[in-house]
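Chain residues, written in single-letter form:
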Amino acid sequence: MHILVVDDEKDVKDLFLQKFRKEIRQGVVSFAFAFSGEEALVYLEGQNPESVLILSDINMPGMSGLELLQHIRKEHPQTPPEILMITAYGDEENRNKALQWGANDFLTKPLDFNALKGKLLK
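Residues numbered from 1 in each chain as written. Predicted model: local features only at pLDDT ≥ 70, side-chain atom pairs only at ≥ 80, totals over all residues. Heavy atoms only, no water.

**Q** Which residues make up unusual backbone geometry, and what values do they have?
**A** Between Lys109 and Pro110 the backbone carries a cis peptide bond, its omega angle lying at -5°. Tracing the backbone shows Pro110 in the loop between β5 (105-109) and α6 (113-120). (Helix = DSSP H or I, 4+ residues; strand = E, 2+ residues; numbered from the N terminus.)

Next up, the structure:
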């Protein structure tokens, strides 16, 4: 499974690589990281979108995760990638928008990596 993590906080990269180190070593998952919505779109241009699972933060400067979600759903309606949105706990308005606009699931920060692994590696 190839996962694109989109988050403006650069320390997220180290966190994901640490929490999934066993799965990465075993070849179960691989990661790519984008630090903005715009950077994620550039990355996706060179990929088969249905082969990428996207974990995107909602609140980012520039293009928000919700804008990224809308753009991806518009550009890839036939072969959409799976998209899980991430935001702060209790953000019901953004949660509802994300699900309405085609998010496959919704995660809250701080991430429960055991629960995330359960969702991703089923």
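Here the narrative resumes.
**Q** Outline the packing of aromatic side chains, supporting the account with residue identities and numerical values.
**A** Summed over the entire model, instances satisfying the criterion amount to six aromatic pairs. On the numbers, 5.1 Å between centres and 75° between planes, the contact of Phe16 with Phe113 is edge-to-face. In this pair, Phe16 sits in helix α1 (residues 11-19) while Phe113 sits in helix α6, placing the two residues 97 residues apart along the sequence. Each of the two residues, Phe16 as well as Phe113, counts as buried. Arranged with centres 5.8 Å apart and planes meeting at 15°, the rings of Phe31 and Phe33 form a pair that is stacked. There is no split in this pair, since Phe31 and Phe33 are both buried. Taken together, Phe16, Phe20, Phe31, Phe33 and Phe113 form an aromatic cluster joined through their ring pairs. Sitting above the plane of the Phe35 ring, Lys10 keeps its charged end 4.3 Å from the centroid. Taking the ring centre of Phe20 as reference, the NZ or CZ of Lys117 above it sits at 5.3 Å. (Phe/Tyr/Trp six-rings, centres within 6.5 Å; stacked < 30°, edge-to-face > 60°. Buried < 20%, exposed > 50% of the residue type's maximum accessible area, 1.4 Å probe, protein only. Lys NZ or Arg CZ within 6 Å of the ring centre and 35° of its normal.)

**Q** I'd like to hear about the packing of α1 against α6, residue by residue, with values.
**A** Direction vectors running N to C along α1 and α6 enclose 70°, while the axes themselves pass 11 Å from each other. Classed by the angle they form, the pair α1 and α6 counts as roughly perpendicular. In this structure, the crossing between α1 and α6 has a hand that is right-handed. Residues Leu15, Phe16 and Lys19 of α1 pack against Phe113, Leu116 and Lys117 of α6. (Axes fitted to C-alpha atoms, helices over the stretch in contact; angles between N-to-C directions. Parallel < 35°, antiparallel > 145°, perpendicular 65-115°, else oblique. Left-handed = near helix turned anticlockwise from the far one by under 90°. Contact = heavy atoms within 4.5 Å.)

**Q** Explain the pairing of strand β3 (residues 52-57) to me, using residue names and the numbers behind them.
**A** Counting buried positions along β3 gives six out of six residues, so the element sits mostly inside the fold. With burial as the criterion, each face of β3 is covered, one bearing Val52, Ile54 and Ser56 and the other bearing Leu53, Leu55 and Asp57. Sheet topology note: the strand β1 (residues 2-6)/β3 ladder contains five bridges and is parallel. Residue pairing for β3: His2 is matched across the bridge by Val52. Taken together, the five bridges between β3 and strand β4 (residues 82-88) define a ladder with parallel strand orientation. (Pairing = 2+ DSSP bridges.)

**Q** I'd like a rundown of the nonpolar core, residues and numbers included.
**A** In terms of nonpolar packing, the biggest core is built from 21 residues, with Leu4, Val6, Ile54, Leu68, Ile72, Met85 and Ala98 touching the most fellow members. Counting only elements with at least two residues in this core, the list comes to β1, β2 (30-34), α3 (37-45), β3, α4 (65-75) and β4. Listed in part, the 17 residues of the second largest apolar core include Val12, Phe33, Leu84 and Phe113. (Core = buried A, V, L, I, M, F, W, Y, C linked by side-chain atoms within 4.5 Å.)

**Q** Before we move on, can you summarise the layout of surface pockets with the specific residues and values?
**A** Put simply, the largest pocket is a space of about 160 Å³. Considering the residues around the largest pocket, the lining is formed by Val5, Asp7, Glu9, Asp11, Val12, Leu15, Phe16, Ile86, Lys109, Leu111 and Phe113. The element that contributes the greatest number of residues to the lining of the largest pocket is α1, accounting for four residues. Broken down by class, the residue content of the lining of the largest pocket amounts to seven nonpolar, no polar and four charged. (1 Å grid on protein atoms, 1.4 Å probe; cavity = no way out; pocket = protein on both sides within 12 Å on 5 of 7 lines; lining within 4 Å. Points joined across faces, edges and corners; volume = space filled by probe spheres on them. Nonpolar A, V, L, I, M, F, W, Y, C, P; charged D, E, K, R; others polar.)

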